Amino acid sequence: MNGAILRFRFMALWAGTFSILLWFGYMPAKYLVSDPTFYEKFIWIPIVHGFTYPIYLLTTLHLSFLQRKSLITTGLYMLARTLPIASIWAERKVRKAQN
């Protein structure tokens with residue numbers, strides 16, 4: 001089970017980091033900066049963000065099944081990926097439950 005927790009914690013922190021980069025870096029640059037070549041340098045941020053979303057969902061499902069979490073808790077952990085700080089909060093909650 002420690003491997004599943006470690007994978008979830010890594011993906012939650014990774015997802016939170018890229019959500020913050022997307023929401024507060026790429027998106028403002030895309031819509032507020034008039035030079036399109038500026039934000040095109042950062043096109044990798046939404047690509048990585050979108051690629052890692054299914055991986056986060058799979059690690060969340062794996063952890064939830066191993067820990068026998070309820071469907072509501074599993075759903076909340078999965079929805080935590082949609083807000084920039086929520087996946088980091090979910091990682092902290094899992095870490096506290098582990099200790």
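Please refer to the structure higher up on the page.
Being a predicted model, the structure only gives us computed values, none of them experimental. (Residues numbered from 1 in each chain as written. Predicted model: local features only at pLDDT ≥ 70, side-chain atom pairs only at ≥ 80, totals over all residues. Heavy atoms only, no water.)

*Asks:* Requested: an account of the overall build of the chain, with residues and values cited.
*Replies:* Broken down by element type, the chain carries five helices and zero strands. From first element to last, N terminus to C terminus, the chain shows the α and β order α-α-α-α-α. The principal-axis extents of the C-alpha atoms in the chain amount to approximately 50 × 20 × 15 Å. Residue burial in the chain is summarised as follows: out of 99 residues, 32% are buried. A fraction of 71% describes how many contacts in the chain between residues 6 or more apart in sequence connect residues 24 or more apart. (Helix = DSSP H or I, 4+ residues; strand = E, 2+ residues; numbered from the N terminus. Buried < 20%, exposed > 50% of the residue type's maximum accessible area, 1.4 Å probe, protein only. Contact = heavy atoms within 4.5 Å.)

*Asks:* Describe in detail the packing of helix α1 (residues 2-32) against helix α3 (residues 44-67), supporting the description with residues and values.
*Replies:* The axes of two packed helices give the description: the angle between them and the distance between them. At a minimum axis separation of 8 Å, α1 and α3 run at an interaxial angle of 150°. The angle between α1 and α3 falls in the class roughly antiparallel. In terms of crossing hand, the pair formed by α1 and α3 is left-handed. Here the residues of the contact of α1 with α3 sort into 19 nonpolar, seven polar and one charged. (Axes fitted to C-alpha atoms, helices over the stretch in contact; angles between N-to-C directions. Parallel < 35°, antiparallel > 145°, perpendicular 65-115°, else oblique. Left-handed = near helix turned anticlockwise from the far one by under 90°. Nonpolar A, V, L, I, M, F, W, Y, C, P; charged D, E, K, R; others polar.)

*Asks:* Describe helix α5 (residues 86-98), listing the residues and the values that go with them.
*Replies:* Look at α5: 18 Å from first C-alpha to last across 13 residues, which is about the 18 Å you get at 1.5 Å a residue. If you check which residues of α5 are buried, you get Ala86, Ser87, Ala90, Glu91 and Val94. In a view along the axis of α5, the buried residues occupy a sector of 145°, so they form one face of it. For α5, the elements touching its buried residues are α1, α3 and α4 (71-79). (Expected span 1.5 Å × (residues − 1). Arc of directions from axis to C-beta.)

*Asks:* Mind laying out α1, listing which residues take part and the relevant values?
*Replies:* An ideal rise of 1.5 Å per residue puts 45 Å on 31 residues; α1 measures up with 43 Å between its terminal C-alpha atoms. Among the residues of α1, those classed as buried are Ala4, Ile5, Phe8, Met11, Ala12, Ala15, Gly16, Phe18, Ser19, Leu22, Tyr26 and Ala29. Residues of α1 that are buried make contact with α2 (36-40), α3 and α5.

*Asks:* Give a detailed account of the nonpolar core, specifying residues and quantitative values.
*Replies:* Counting residues in each nonpolar core, the largest one holds 13 residues, and the members touching the most others are Phe8, Tyr56, Leu63, Ala80, Ala90 and Val94. Going through the elements one at a time, α1, α3 and α5 are the ones with two or more residues in this core. Not counting residues up to four positions away in its chain, the partners in contact with Leu63 are Ala4, Ile5, Phe8 and Val94. Grouped together as the second largest cluster of nonpolar side chains are six residues, Phe18, Leu22, Tyr26 and Ala29 included. (Core = buried A, V, L, I, M, F, W, Y, C linked by side-chain atoms within 4.5 Å.)

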